[in-house]
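Coordinate analysis (summary)
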Amino acid sequence: MEKHDQLLMKRQNKNLVLDILKTKSPISRIDIAKMTGMSPTSITRIVNELQLQGYVRETEAVASGVGRKATLLEVCGDVLYTVGIEIDKSLLKVGIVNYVGEIVSLHKNKRNESESYMETLLKIKAIIRKIMDENDIAATKIIGLAVGLPGYIDYKNGIVKVSDQLKWKDASLAEDLKKLTSFNVIVDNELKMKIVAESFTGKAKDSQNSILIGIGSGLGSSIMLNGEIYRGETNNAGEIGHTVIDPTGNVCNCGKIGCLATYISEGAILADSRKVKDISSIEEVFQSYRDREPWALNIMDRASTYIALAISNLLCLYNPEVIILSGNTIEKLPEIKQAIEQKCQLYIWEPLKQAVRIVYSELSDYGVVLGAAIQAQHLMLELE
Ligand SMILES: [Zn+2]
């Protein structure tokens with residue numbers, strides 16, 4: 001075997017052992033050997049290396065059962081950290097996540113919609129500093145930052161091409177944030193970050209093919225195929241909000257006519273509601289729906305029809321095992337779930353109906369932050 005191949009195999013074996021430790025710990029050396037098919041000698045060598053590097057420690061507990069008692073091993077969550085950041089129109093969230101994927105601390109801050117790009121970045125810098133101090137985490141233990149935000153993101157170069165919601169355009173976010181914090185930074189669309197969290201610990205756990213739909217101030221989705229985020233050529237795969245469903249319909253803020261978002265997004269619902277009543281917020285529309293005011297019933301009924309159509313179309317295109325609905329509209333108006341489910345019964349093609357689970361996200365508050373931090377760990381952690 002070539003030296004290069006040997007090194008690669010060594011690294012793969014080490015990663016395999018660490019993966020098992022992360023998911024099955026506490027676990028004994030002998031059980032890892034059984035699971036990997038590697039020799040106990042190899043396992044002992046790899047575990048020794050990992051112990052020296054600080055990834056693994058022995059626990060007090062011992063495995064009971066037949067034969068000699070074995071000391072158990074566990075992963076050290078505090079060996080390293082990543083920071084997940086969510087930037088939204090009116091909210092800024094920063095969380096620090098440890099090596100085993102636990103959120104150590106989560107800060108939520110209001111964001112002024114008129115706040116400039118640089119003001120937001122400086123705020124992020126200050127919050128990270130604060131979290132590090134509060135939790136006594138050294139900069140050397142943080143391997144990087146990851147930002148999730150709404151919009152068209154060039155994730156390879158960390159550039160926000162366009163974010164209508166934040167009103168940012170061609171912003172070199174990864175580079176600018178790195179200059180300010182000196183940490184490495186990755187950037188991606190917020191729904192793509194969130195589906196990483198769903199598949200790590202949420203409703204898409206153990207699923208290789210899943211779709212997350214975000215329904216709120218915007219409308220979009222992210223698609224996980226064969227365990228990988230499906231991005232398409234320019235990272236825009238899943239932007240269902242701008243699929244045209246009625247060429248004679250409403251004008252969209254993208255300039256086209258009849259985009260799906262113009263029947264479902266909060267802004268569109270508000271605009272239609274204001275044709276009937278002097279409405280100040282989306283919450284007021286939702287309350288009117290609960291009060292069974294006919295205009296609100298009509299508008300939300302139409303929205304639920306189009307949500308069901310979107311689900312039905314996504315199912316035909318990608319045949320996922322699970323579809324997760326998330327976002328402000330679902331959280332603030334849980335009553336709409338029933339309407340969506342009834343319409344799904346009507347619109348979903350029979351062969352696909354049995355194969356899919358349509359569920360609701362339970363990571364609402366921290367999904368993007370956690371997914372971003374997990375993604376940073378995946379991309380930035382290189383085992384020696
Ligand atoms: Zn549009």
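Provided above is the structure to which this section pertains.
Bear in mind that the values here come from a model prediction, so they are computed numbers and not experimental data. Counting starts from 1 at the beginning of each chain's written sequence and moves along it residue by residue. Reporting of local features is limited, given that this is a predicted model, to residues whose pLDDT is at least 70; pairs of side-chain atoms are given and counted only at 80 or more, and all residues count toward the totals for whole chains, interfaces and linings. The basis for every side-chain value is the complete set of heavy atoms in the structure, and neither hydrogens nor water enter the calculation.

Observations regarding the sheet that holds strand 6 (residues 103-110)
- Only strands joined by at least two bridges in the DSSP assignment are considered to pair. A run of H or I in DSSP counts as a helix once it spans at least four residues, and a run of E counts as a strand once it spans at least two, with each numbered from the N terminus. An order of 6-5-4-7-11 is seen for the 5 strands of this open sheet, with the pairing classed as mixed. Two strands in the sheet have a free side with no partner beyond their single neighbour: strand 6 and strand 11 (185-189). The sheet shows a mean angle of 15 degrees between the axes of neighbouring strands, direction not considered.
- Alignment of strand 4 (residues 81-87) against strand 5 (residues 91-98), held across 7 bridges, turns out to be antiparallel. Residue pairing in the sheet places Val83 in a bridge with Ile96 of strand 5. To obtain each axis, a line is fitted to C-alpha atoms, and for helices this fit is confined to the stretch in contact; angles are then taken between N-to-C directions over 0 to 180 degrees.

Digging into the coordination of the zinc ion
- Donor atoms: N, O and S within 2.8 Å of the metal, or within 3.2 Å for Na, K and Ca. Because water is excluded, sites can look incomplete. Around the zinc ion, the donor atoms from the protein are His242 (ND1), Cys252 (SG), Cys254 (SG) and Cys259 (SG), and they sit 2.1 to 2.3 Å away.
- Any coordination sphere not matching a tetrahedral pattern (four donors, all angles between 85 and 135 degrees) or a square planar or octahedral pattern (four or six donors, opposite donors over 155 degrees apart, other angles between 65 and 115) is reported as irregular. Classification of the site at the zinc ion as tetrahedral follows from its 4 donor atoms and the range of 104 to 117 degrees in their angles at the metal.
- Sequence positions of the donors to the zinc ion reduce to the motif H-x9-C-x1-C-x4-C. One end of the pair, His242, is in the loop between strand 14 (228-230) and helix 7 (261-264); the other, Cys259, is in the loop between strand 14 and helix 7, and 17 residues separate them in sequence.

Some points on the pairing of strand 13 (residues 219-225)
- Across the 7 residues that make up strand 13, a large majority, 6, are buried.
- Sheet topology places strand 12 (residues 210-215) next to strand 13; 6 bridges connect them, and they run antiparallel. Directly across from Gly214, in strand 13, lies its bridge partner Gly220.
- Between the antiparallel neighbours strand 12 and strand 13 lie 3 residues.
- Relative to strand 14, strand 13 is paired through 3 bridges, and the arrangement is antiparallel. Residue pairing in the sheet places Ile223 in a bridge with Tyr230 of strand 14.
- Two successive antiparallel strands, strand 13 and strand 14, enclose a turn made up of 2 residues, where Asn226 displays a positive phi of approximately 50 degrees. Residue burial is assigned from relative accessible area. The probe radius is 1.4 Å, only protein chains are included, and a residue is buried under 20% of its type maximum, exposed over 50%, and partly exposed in between.

Quick look at the layout of surface pockets
- Cavities and pockets are defined on a 1 Å grid built over the protein atoms alone: a cavity is a set of grid points where a 1.4 Å probe fits but cannot escape, while a pocket is an open set with protein on both sides within 12 Å along at least five of seven lines, and lining residues are those with an atom within 4 Å of any such point. Grid points are joined across faces, edges and corners, and a volume is the space filled by probe spheres set on the points. In this structure, the second largest pocket occupies an estimated 1,200 Å³ of space.
- Contributing to the lining of the second largest pocket are 29 residues, with Asp19, Lys22, Phe200, Ile374 and His378 lying nearest its centre.
- Elements with a minimum of two residues in the lining of the second largest pocket: helix 1 (3-24), helix 6 (190-200), strand 14 and helix 14 (367-380).
- Tallying contributions element by element places helix 1 first for the lining of the second largest pocket, with 5 residues.

Observations regarding the packing of helix 1 against helix 3 (residues 40-53)
- Between helix 1 and helix 3, whose axes approach to 10 Å, the crossing angle comes to 75 degrees. Taken together, the axis directions place helix 1 and helix 3 in an arrangement best described as roughly perpendicular. Where helix 1 approaches helix 3, its residues Lys10, Asn13, Lys14, Val17, Leu18 and Leu21 are matched on the opposing element by Ile43, Arg45, Ile46, Val47, Glu49, Leu50 and Gln53.
- For this classification, the nonpolar set comprises Ala, Val, Leu, Ile, Met, Phe, Trp, Tyr, Cys and Pro, the charged set comprises Asp, Glu, Lys and Arg, and every other residue, Gly included, is treated as polar. Across the contact of helix 1 with helix 3, the residue classes tally to 7 nonpolar, 2 polar and 4 charged. By definition in this entry, angles of less than 35 degrees are roughly parallel, angles greater than 145 are roughly antiparallel, angles of 65 to 115 are roughly perpendicular, and the rest are oblique. We call two residues contacting when some pair of their heavy atoms lies within 4.5 Å.

Here we look at helix 5 (residues 173-181)
- Among the residues of helix 5, those classed as buried are Leu173, Ala174, Asp176, Leu177 and Thr181. End-on, the buried residues of helix 5 take up no more than an arc of 165 degrees, which puts them together on one face.
- If you follow the buried residues of helix 5, they end up packed against strand 4, helix 4 (117-135), strand 7 (142-149), strand 9 (159-163), strand 10 (168-171) and strand 11. Each C-beta atom gives one direction from the helix axis, and the arc is the one those directions make.

Let's talk about the packing of aromatic side chains
- Stacked, edge-to-face and tilted are the three classes for Phe, Tyr and Trp ring pairs, Trp counted by its six-membered ring, which pair at centre distances within 6.5 Å; planes under 30 degrees apart are stacked, over 60 edge-to-face, the rest tilted. A complete count under the given rule lists 4 aromatic pairs for this structure.
- Residues Tyr230 and Tyr318 carry aromatic rings whose centres are separated by 6.2 Å and whose planes lie at 55 degrees to one another, so their mutual orientation is tilted. Residue Tyr230 is found in strand 14, and its partner Tyr318 is found in helix 10 (residues 294-318); the two are separated by 88 residues along the sequence.
- Overall, the relative accessible area of 25% leaves Tyr318 in the partly exposed class.

Concerning the sheet that holds strand 8 (residues 152-154)
- Ordered by their spatial adjacency, 3 strands build an open sheet running 8-9-10, and the pairing between neighbours is antiparallel. A single partner strand is all that each edge strand has here, and the edge strands are strand 8 and strand 10. Across the sheet, the mean angle separating the axes of adjacent strands is 20 degrees when strand polarity is ignored.
- Here 3 bridges tie strand 8 to strand 9, and the two strands are oriented antiparallel to one another.

Considering the pattern of salt bridges
- When a carboxyl oxygen of Asp or Glu lies within 4 Å of a side-chain nitrogen of Lys or Arg, that pair is called a salt bridge. Here the structure, examined in full by the defined rule, presents 24 salt bridges.
- Between Lys123 and Glu115 there is a salt bridge whose closest N-O contact spans 2.6 Å.
- If you follow the salt bridges from partner to partner, you end up with Glu86, Lys93, Lys108 and Asp365 in one network.

Overview of the environment of Leu177
- Along the chain, Leu177 falls in helix 5.
- C-alpha separation for the pair Leu177 and Glu113, spaced 64 residues apart in sequence, amounts to 20 Å.
- Filtering out sequence-adjacent residues up to four positions away, Leu177 remains in contact with Ile85, Leu121, Ile124, Leu145, Val147, Ser182 and Val185.

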